[in-house]
Amino acid sequence: ARFGGAALAAALLTATQATTALAAPGNPGAPRYSAGAPSLGDPYFPDQGNGGYDVRHYDVTFTYDPATKVMDATTVITAVATQDLDQFDLDFRGPQITSLTVGKHPAFYRRDGQELVVTPRPKLKTGETFTVTVTYAGTPPVVTDPDGSIEGWVPTDDGAFVPGEPQGAPAWLPANDSPADKATFTFRATVPEGVTVVGNGRLASKTTANGKTTFVWDSAEPMATYLATVTLGNFVVDETTTPGGIPVYTAVDPRLVTQSAAAVAKIPDIVDYFSSIFGPYPFNQTGAIIDRAPDVGYALESQTKPIFSSAPSVGTMAHELAHQWYGDSVSVGKWSDIWLNEGFATYATWLWTEHTGGATAQQTFDSSSNYGRAATSSFWQVVTADPGPEDMFGNVPYNRGAMTLHALRGKIGDAAFFTLIKDWATTHRYGNASTADFIRAAEKVSGMDLKAFFDVWLFQKGKPASW
Ligand code: ARG
Ligand code: ZN
């Protein structure tokens, strides 16, 4: 479902496609077919996302063998046309397609970079719900990001590690790959017996026959494509419940159980503490996937099941769990707003540290990795609310983002600040929100004019001297 990109897509459509739309003179009610926009216009990832439709559900059925690295997959996308369509794009970087149908009808398609261009016949009318069924087979690719890190489908020594932020999901499923078009997901994964597949949401079933096991994972709440995972391999699985009643599912590489034990043991307390300050946990399950993927070297807040490429610290665990509220439930619509994800998750960790008797948030703010950095440091030369694709996961959206929140708390006071961040999670639950929305919300709750404050912290370079 789309919450953010429609206007952008419409603007693009007007600019690039309007001349090809067929006028229907003398018959105003007749459909006016045109091609959906090939992009949602995010300047950081201009190929991402597509216009003309709104995805409601992805149903991905596949077999995968870690020994051969071959996937055999069929993805069924259920979507609603938001314009009369004679053509639309999906984003797909995956292996060879062997068939593609729209509804029951085989459709003509061609591939152009990550664009999968589909020509549905019959054409689709505005408001029409349609399915696209794509069958493909081969080895899904590793995707390299502007910051040099890898994502997509990353083979491990016993399976695959599957992170998707910001552009990895189309490695293994055809998608409208934009955080602005959230949808529900079902994964049905068949692997050799003994391999465990861990997906988002809840495990609906696990059945074994003829040496193969099929895992069905269901995500009932809307999810951005970049948060999808089906990480698989040898795992020690444990299930428990937080004191507050949230089911916890953890899957840990047997070689990392000891090193991970402290962070895993804290999951229930972290989730319940964050629920007390951010509002109810937004999903029907929580947990973690802890794997050995040394070439990845980062963790990701995959919805309901953050993934870790090595044994995490308690702080990293807290960061990824905080993202379930800030990033996963409330999502950015455009990547330049990434500080809304990373600054919030980082600040949440400062709060957790203080809550558990460590440094206070004020001490962390003052420290040498934060406000204590010299004014001459290059750290101060990246713009928090527009870091660019190479620095979107660099220190600035994380640390200056968290500093922004702490400075805001000082400015508007604890009562307004904690009301603001809780309301933010409630008001935009399962949706998308922007920096402009946040500034408006902060001004409203505090009754203050915060333009100059946010300008200094979010939009200007340089170390803020006063605010
Ligand atoms: N959002 C992740 C985290 O902070 C980091 C993802 C990094 N991805 C990347 N392609 N560099 O938890
Ligand atoms: Zn993060």
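Residues numbered from 1 in each chain as written. Chains lettered and ligands numbered in written order. Predicted model: local features only at pLDDT ≥ 70, side-chain atom pairs only at ≥ 80, totals over all residues. Heavy atoms only, no water.

J.: I tried to follow the packing of helix α4 (residues 314-322) against helix α5 (residues 339-355) on my own but got confused; where do I start?
T.: The packing of two helices is summarised by the inter-axis angle and the distance between the axes. Close contact between α4 and α5 brings their axes to 8 Å; oriented N to C, the two are set at 130°. In terms of orientation, α4 and α5 fall into the oblique class. Judged by the twist between their axes, the crossing of α4 over α5 is right-handed. Across from Val314, Gly315, Ala318, His319 and Ala322 in α4, the residues of α5 making contact are Glu342, Ala345, Thr346, Ala348, Thr349 and Trp352. (Axes fitted to C-alpha atoms, helices over the stretch in contact; angles between N-to-C directions. Helix = DSSP H or I, 4+ residues; strand = E, 2+ residues; numbered from the N terminus. Parallel < 35°, antiparallel > 145°, perpendicular 65-115°, else oblique. Left-handed = near helix turned anticlockwise from the far one by under 90°. Contact = heavy atoms within 4.5 Å.)

J.: How should I be thinking about the environment of Gln303 in this particular structure?
T.: Within the secondary structure, Gln303 sits in the loop between β22 (299-300) and β23 (307-308). The spacing of Gln303 and Met403 is 100 residues in sequence and 25 Å in space, taken between C-alpha atoms. With near-sequence residues (within four places) excluded, Gln303 lies in contact with Asn200, Gly201, Glu221, Pro222, Met223, Leu227, Phe283, Gln324 and Asp328.

J.: Before we go on, may I ask you to explain the pairing of strand β19 (residues 236-241) in this structure?
T.: Residues in a regular strand point their side chains to alternate faces of the sheet. As judged from the six bridges shared by β19 and strand β20 (residues 247-252), these two strands associate in the antiparallel manner. Bridge pairing links Asp238 to Thr250 in β20. Counting the residues in the hairpin turn of β19 and β20 gives five residues, including Gly245, whose phi is positive at 100°. (Pairing = 2+ DSSP bridges.)

J.: How do you make sense of the coordination of the zinc ion (ligand 2) when you look at a structure like this?
T.: Coordination angles at a metal have ideal targets, namely 109.5 degrees for four tetrahedral donors and 90 or 180 degrees for six octahedral donors. Within the first shell, the zinc ion (ligand 2) binds the protein through His319 (NE2), His323 (NE2) and Glu342 (OE), at distances of 1.9 to 2.0 Å. Look at where the donors of the zinc ion (ligand 2) fall in the sequence and you get H-x3-H-x18-E. A residue pair is termed long-range when its members are at least 10 positions apart, and His323 in the loop between α4 and α5 and Glu342 in helix α5 qualify at 19 residues. Taking relative accessible area as the criterion, Glu342 reaches 1% and is therefore assigned buried. (Donors = N, O, S within 2.8 Å, 3.2 Å for Na, K, Ca; no water. Buried < 20%, exposed > 50% of the residue type's maximum accessible area, 1.4 Å probe, protein only.)

J.: Is there a simple way to explain the pattern of salt bridges in this structure?
T.: Close approach of charged atoms lets side chains of opposite charge pair. Inspection of the entire model under this criterion finds ten salt bridges. Measuring nitrogen to oxygen at the nearest pair gives 3.5 Å for the salt bridge that ties Arg56 to Asp54. The shortest N-O distance in the salt bridge between Arg440 and Asp437 comes to 2.8 Å. Residue Arg440 and its partner Asp437 are located together in helix α9 (residues 435-446), separated by three residues, close to a single helical turn. A relative accessible area of 53% means that Arg440 is categorised as exposed. Judged by its relative accessible area of 23%, Asp437 is partly exposed. (Salt bridge = Lys/Arg side-chain N within 4 Å of Asp/Glu carboxyl O.)

J.: Would you mind going over the site of ligand 1 with me for this structure?
T.: What surrounds ligand 1 is a group of 15 residues, the closest being Asp145, Glu165, Glu301, Glu320 and Tyr398. Between ligand 1 and Asp145, the relevant distance is 2.6 Å, taken from a nitrogen atom to a side-chain nitrogen or oxygen of the residue. Between ligand 1 and the protein, one listed contact pairs a nitrogen atom with a side-chain N or O atom of Glu301 at 2.8 Å. About the coverage of ligand 1: the protein hides 95% of its 350 Å² of free accessible area. Of all the elements in the fold, those that place two or more residues in the shell around ligand 1 are β22 and α4. (Near = heavy atom within 4 Å. Polar contact = N/O pair within 3.5 Å; in protein donor to acceptor, adjacent residues only side chain to side chain. Areas by Shrake-Rupley, 256 points an atom, 1.4 Å probe, with all protein chains shown as cover.)

J.: For this particular structure, what's the right way to read the packing of helix α3 (residues 267-278) against α5?
T.: One can describe the packing of α3 onto α5 by two numbers: an axis separation of 11 Å at closest approach and a directional angle of 110°. Classified by the angle between their axes, α3 and α5 sit roughly perpendicular to one another. Residues Asp269, Ile270, Tyr273, Phe274, Ile277 and Phe278 of α3 touch α5, and the partners they reach there are Ala348, Leu351, Trp352 and His355. In terms of residue class, the contact of α3 with α5 is made up of eight nonpolar, one polar and one charged. (Nonpolar A, V, L, I, M, F, W, Y, C, P; charged D, E, K, R; others polar.)

J.: Which parts of the structure should I look at to understand the packing of aromatic side chains?
T.: Across all of its chains, the model carries 39 aromatic pairs by this definition. Their ring planes at 85° and their centres at 6.2 Å tell us that Phe62 and Trp153 sit as a pair that is edge-to-face. You can see Phe62 sitting in strand β2 (residues 53-65) and its partner Trp153 sitting in the loop between β11 (150-152) and β12 (154-156), a full 91 residues away along the chain. Phe62 gets classed as buried once you look at its relative accessible area, which sits at 2%. Since its relative accessible area comes to 0%, Trp153 is described here as buried. Between Arg373 and the ring centre of Phe379, over which it is positioned, the NZ or CZ distance is 4.2 Å. Positioned above the aromatic ring of Tyr371 is the side chain of Lys463, whose terminal nitrogen or guanidinium carbon lies 4.4 Å from the ring centre. (Phe/Tyr/Trp six-rings, centres within 6.5 Å; stacked < 30°, edge-to-face > 60°. Lys NZ or Arg CZ within 6 Å of the ring centre and 35° of its normal.)

J.: Just checking my understanding: could you explain helix α8 (residues 414-427) for this structure?
T.: Count 3.6 residues to each turn of an α-helix, and residues three or four apart come out pointing the same way. Look at α8: 19 Å from first C-alpha to last across 14 residues, which is about the 20 Å you get at 1.5 Å a residue. Among all positions in α8, only Ala416, Phe417, Leu420, Ile421, Trp424 and Ala425 are buried. Seen from one end, α8 has its buried residues packed into an arc of 165°, which puts them on one side. Seen from the buried face of α8, the exposed residues on the opposite side, beyond 90 degrees, are Ala415, Thr426 and Thr427. At its buried positions, α8 is contacted by α3, α5, α7 (395-412) and α9. (Expected span 1.5 Å × (residues − 1). Arc of directions from axis to C-beta.)

J.: Hey, could you run me through the pairing of β2 in this one?
T.: Across twelve bridges, the pairing between β2 and strand β3 (residues 70-81) is antiparallel. In the strand pairing of β3, Tyr64 is matched with Met71. Adjacent in sequence and paired antiparallel, β2 and β3 are bridged by four residues, among which Lys69 carries a positive phi angle near 60°. Two strands pair when backbone bridges link them, and β2 and strand β14 (residues 183-192) are joined in this way by seven bridges, in the parallel orientation. Pairing of Phe62 across the sheet is with Ala189, part of β14.

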